[in-house]
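Chain residues, written in single-letter form:
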Amino acid sequence: MHALADIEWPQLPRDWLESLMPTELPGLVREIVTAIRDEIPEYRRTWEGEYGPITQRSVEEALSTFVTLIAENHDEPAGYDSWFWQLGRGEAMEGRSQDALQAAYRIGAKIAWRRITALNDRSPLPADAVARLADAVFGFIDHLADVSARGWQDAQPGDDETMRQSRARLLSLLLEPRAPMARVVELAERIGWPIPDEVVVVDVQNGELPGGLSRLMFGRHVLCDGTHVTSTLLVPGPLDPDLRPKALEYDVPVLVAVGCTVPLAEAPASMRWARLASRLREAGVLPAQPVLFCDDHLPTLMLHVEPALPRQLVGRRLGPLLGLSPAKRIKFGELLLAWLELGGSQAELAEALGKHRQTLHYQFTRLHELFGADLHDRGARVEILLALRAALPRWRQDVQRDLPRRRAVARHRPPAQSVRR
């Protein structure tokens, strides 16, 4: 705790101090308030409400008190700390972290010192007085920050373990079907969590996403319970639109699957989809990316919600390929899938694959022999496309698993005997 009694207050000339009050302080208040509004996003979003006047009053209180402490023999005004203790408590009750308020104090100190040095250029003080004044300014700001931090902490429900348990319980409750809203509201108010209309559930595999990184990616109101090897996050929606490109820049140390944005009451569904995406990535069905977004893979997720359905669809629509060798099955399957995804255009397919159209013509002749009229039926084509998306990843896996065996067989196969004429 930075105590005011520890500050070595400077002895300043009375006329120098008196010049601060009528001429410098009003403009300094405006400059600090404007900078806080413009530089701190949390306050900018809430400025039109009551927070603008609160910030104005807080800056006025801080500056006038600082001048008073110097002018009146450094006696601390009675009840002075109360305002700033309440300010910190208010931040906690609004569900905000201390970061924004601490940043506001730093901005105030920087601007105040810049204004004081400008005044000193016009009316110089002794060097030792300037040094002590600098210590007083920043020591005073540290004291304000400590008082507000104590107010913020006093508004918490208890120690860190109690807070962690309350957050974990709220997360668990929100992921239960038909969660009782009265209990949700009670827990949310206890930990200062603003209840959103929409949420996104994030599944984290093989470890815990570090707290700093989870807040960087998903915001400071993310709920998490990192007590298990596999953890779950709940993020107020909608997601930041810049998250997708930024996710590629983060060094994510675990595997993350981001569910779909849903109403708060449907959080369990977002959790099921995120966990399904994690399983499909592990099985090789979805790409092996550190961060997967369910929104990018909805058809595949729909296919695998009920595991038996893809097998039914593959058997119904891909029978002509099942009789081919594994390599040819994959070759023709990939060609057919690319063609269907391009809307059935061989010209676009040839351009996309960098192949001559005549080469593709021979391959499609074979596909028409295999599938016949199904390739011209819209309903059949949709089912074939979905079946290929379900089957191709597993076919590739089968080939990879069988590769060591085939190589071993090839090594031990006796050399071919030459034929004598």
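Undergrad: Any details on the pairing of strand β1 (residues 198–205)? Residues and values, ideally.
TA: Most of β1 sits inside the fold, with 7 of its 8 residues counted as buried. For β1 and strand β5 (residues 262–263), the ladder comprises 2 bridges, and the chain directions are antiparallel. Each residue of the ladder has a partner; that of E198, found in β5, is P263. Bridge count for β1 against strand β3 (residues 231–236) is 6 bridges, and the pairing is antiparallel. Its bridge partner being in β3, V201 is matched across the sheet by L234.

Undergrad: I'd like to hear about the packing of aromatic side chains, residue by residue, with values.
TA: Scanning all chains against the criterion turns up 3 aromatic pairs. Ring centres 5.2 Å apart and planes at 50° place the aromatic pair F66 and F140 in the tilted group. Of this pair, F66 sits in helix α2 (residues 41–71) while F140 sits in helix α5 (residues 127–154), and the two are 74 residues apart along the sequence. What makes F140 buried here is its relative accessible area of 3%. Sitting over the ring of F293, R244 keeps its end group 4.5 Å from the ring centre. The aromatic ring of W395 is capped on one face by R329, whose charged end is 5.5 Å from the ring centroid.

Undergrad: I'd like a rundown of the pattern of salt bridges, residues and numbers included.
TA: Counted according to the given criterion, the structure contains 14 salt bridges. In this structure, the salt-bridge partner of E383 is R317, at a minimum N-O distance of 2.8 Å. Of this pair, E383 sits in helix α17 (residues 378–412) while R317 sits in helix α12 (residues 308–317); the two residues are 66 residues apart in sequence, bridging distant segments of the chain. Taking relative accessible area as the criterion, E383 reaches 23% and is therefore assigned partly exposed.

Undergrad: Describe a nonpolar patch on the surface, with residues and values.
TA: Taken together, the side chains of M181, V185 and I195 present a nonpolar region at the surface, about 220 Å² in accessible area. Inspection of the secondary structure assignment puts V185 in helix α7 (residues 181–191).

Undergrad: Mind laying out α7, listing which residues take part and the relevant values?
TA: When we look at burial in α7, the residues that qualify are V184, L187, A188 and I191. Buried positions in α7, seen along its axis, are confined to an arc of 100° and lie on one side of it. Exposed residues pointing more than 90 degrees away from the buried face of α7 are listed as A182 and E189.

Undergrad: Which residues make up the pairing of β3, and what values do they have?
TA: Burial runs high along β3: 6 of the 6 residues are buried. Neither face of β3 is exposed, since S231, L233 and V235 on one face and T232, L234 and P236 on the opposite face are all buried.

Calculation rules
Residues numbered from 1 in each chain as written. Predicted model: local features only at pLDDT ≥ 70, side-chain atom pairs only at ≥ 80, totals over all residues. Heavy atoms only, no water. Buried < 20%, exposed > 50% of the residue type's maximum accessible area, 1.4 Å probe, protein only. Helix = DSSP H or I, 4+ residues; strand = E, 2+ residues; numbered from the N terminus. Pairing = 2+ DSSP bridges. Phe/Tyr/Trp six-rings, centres within 6.5 Å; stacked < 30°, edge-to-face > 60°. Lys NZ or Arg CZ within 6 Å of the ring centre and 35° of its normal. Salt bridge = Lys/Arg side-chain N within 4 Å of Asp/Glu carboxyl O. Patch = residues over 30% accessible without salt bridge, like charges linked within 9 Å, V, L, I, M, F, W, Y side chains within 5 Å. Areas by Shrake-Rupley, 256 points an atom, 1.4 Å probe, with all protein chains shown as cover. Arc of directions from axis to C-beta.

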